[in-house]
Amino acid sequence: MTRKRALWISLAAFAAALAVGWALVIALERQRAERRQADQLQWVYTNAHALQDNVNRALSTTHTLSALVRQFKGVPNFDGLAADLMANVPSLSGLMLAPAGTLSHAYPPDGPIPLGHNLFDGGPWRQTATRAAEAGQLALDGPTHLPGGSLGLLGALPVSLPDDTGRPQFWGLVLAVVELDATVAGTRLGSLVEGGFRYTLWREVDDPDNPQWLGGAPQPAADAPLRATVEVARQRWTLGVWPPADAPLEAEVVVEAALVVLIAGALAHLVFVLLRQPVLLQREVARKTHELHEATARRRQVEAERNRFFTLSLDLFCIAGFDGHFKQLNPVWEKTLGYPLDELKARPRVELVPPDAPEATDAPGARRRFDRRFRRRSDDDDADACRRDLRG
């Protein structure tokens with residue numbers, strides 16, 4: 001396979017691995033986003049219930065005062081008791097008593113309703129007082145601006161006392177002022193805002209299609225992606241939350257993306273190497289074969305030169321082994337001694353030496369020339385052979 005084709009296939013493998021890796025990263029990020037949304041929704045529910053608890057705790061003080069009214073037909077030491085209750089309930093900003101609807105006690109005295117005012121005669125709280133008295137249960141209304149500038153809700157609880165015949169007779173109202181800012185401060189919505197979130201708080205009173213805004217962003221809670229609804233004084237309160245629009249990129253996504261690029265690159269490199277491996281192997285085999293051919297040609301050339309030297313020489317030349325046999329002989333041996341060359345190679349050299357021949361002169365030493373006599377096959381004449389020891 002050509003290098004260009006292997007490169008294109010490797011690039012295709014890189015693109016495919018990158019696409020698969022990115023799909024996996026997107027799937028993992030989607031799962032993390034779903035988990036984050038579930039955690040955020042749980043967090044919204046937790047804060048909605050915290051709002052519910054704060055408001056209900058503030059409104060529960062009206063039941064405490066109503067119990068005292070039933071027992072004592074009034075509240076002894078109203079200011080001291082109200083101060084203690086407000087100290088223990090941060091979202092409670094005021095308590096009031098209104099026998100027959102006329103405000104007689106208020107703590108603190110500079111509350112949203114002046115002393116002596118009859119709630120049934122008019123004013124912004126007439127509807128609240130009337131609804132509570134007619135229903136015989138707690139009514140919650142607002143929001144309204146409190147003297148300190150914050151928004152608040154007014155809870156009115158009707159109190160009835162038995163008359164001389166034992167029948168319940170309307171005594172008046174016990175009122176509690178719930179400060180919305182303090183109610184929200186008792187939750188973790190503040191940290192939510194610091195984290196880039198936005199929230200809105202709405203409630204449904206009489207008409208579900210016309211909810212009332214209580215705080216946060218002045219946007220409908222129905223538009224929020226995260227919502228939680230709780231019941232407060234038989235009213236539906238909805239907390240809506242918007243996560244940050246530009247959420248920071250998670251570190252896991254950056255690491256996973258880097259790993260995808262590295263793995264895709266490694267896979268592409270591996271594909272390229274595997275595709276080019278046969279070509280590289282063929283080149284290596286060709287190189288080794290060429291070297292072997294060159295070595296064989298050189299060896300054959302050396303052997304040819306040596307054989308030519310043996311063949312053309314008129315002297316008796318041989319190559320003898322340490323086992324006492326000839327390894328190679330030139331044709332002059334057969335002409336001189338009369339033995340076939342194969343027979344000379346097959347027989348030990350000592351058999352060709354005459355019995356009266358002098359002691360062998362082929363012992364190793366420093367001499368450069370050695371003589372040897374061999375017996376001819378056809379007669380008793382001997383032939384002399386010589387050799388040169390080319391060792392140092």
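Everything below is about the structure printed above this text.
Along every chain, residues carry numbers that run from 1 in the direction the sequence is written. Given that this is a predicted model, residues contribute local features only at a pLDDT of at least 70 and side-chain atom pairs are listed and counted only at 80 or more, while totals for whole chains, interfaces and linings are drawn from all residues. Side-chain figures throughout are based on the complete set of non-hydrogen atoms in the structure, without hydrogens or water.

Visitor: Describe the packing of aromatic side chains, and please don't skip the residues or the numbers.
Guide: Working definition: rings of Phe, Tyr and Trp (its six-membered ring) pair if their centres are within 6.5 Å, and the pair is stacked with planes under 30 degrees apart, edge-to-face with planes over 60 apart, and tilted otherwise. Inspection of the entire model under this criterion finds 2 aromatic pairs. Consider the rings of F120 and F170, whose centres lie 6.2 Å apart with planes at 70°: the pair is edge-to-face. With F120 in the loop between β2 (105–107) and α3 (126–135) and F170 in strand β5 (residues 168–179), this pair connects stretches of sequence that are 50 residues apart. Working definition: with a 1.4 Å probe on protein chains only, accessible area under 20% of the residue-type maximum means buried, over 50% means exposed, and in between means partly exposed. Assessed through its relative accessible area of 25%, F120 is described here as partly exposed. Consider the rings of F326 and W333, whose centres lie 5.0 Å apart with planes at 55°: the pair is tilted. Its relative accessible area of 3% is what places F326 among the buried residues. Accessibility expressed as a relative area gives 1% for W333, which makes it buried. Directly above the ring of W242 sits R198, whose terminal nitrogen or CZ lies 4.7 Å from the centroid. Each helix corresponds to a stretch of at least 4 residues labelled H or I by DSSP, and each strand to a stretch of at least 2 residues labelled E; elements are numbered beginning at the N terminus. Sitting over a ring, as applied to charges here, requires NZ of Lys or CZ of Arg to be within 6 Å of the ring centre and within 35 degrees of the ring normal.

Visitor: Tell me what's going on with the pattern of salt bridges, and back it up with residues and numbers.
Guide: Here a salt bridge means any side-chain nitrogen of Lys or Arg lying within 4 Å of a carboxyl oxygen belonging to Asp or Glu. Scanning all chains against the criterion turns up 11 salt bridges. With its nearest N and O atoms 2.7 Å apart, the salt bridge here joins E291 to R287. Of this pair, E291 and R287 both sit in helix α6 (residues 251–312), 4 residues apart, which is roughly one turn of the helix. By relative accessible area, E291 is classed as partly exposed at 36%. Residue class for R287 comes out partly exposed when judged on its relative accessible area of 37%. The shortest N-O distance in the salt bridge between E303 and R299 comes to 2.9 Å. With a gap of 4 residues between them, E303 and R299 both fall in helix α6, about one helical turn apart. Take E303: its relative accessible area is 29%, and that puts it in the partly exposed class. What you see here is one network of salt bridges that share partners, running through E29, R32, R36 and E256.

Visitor: Explain α3 to me, using residue names and the numbers behind them.
Guide: For α3, the complete set of buried residues consists of T128, A129 and A132. Projected down its long axis, α3 carries its buried residues within an arc of 95°, all on one side. With respect to the buried face of α3, the exposed residues turned more than 90 degrees away are Q127 and E134. Phi turns positive one or two residues past the end of α3, at G136, with a value near 70°. Directions are taken from the helix axis to each C-beta atom, and the arc is the one they span.

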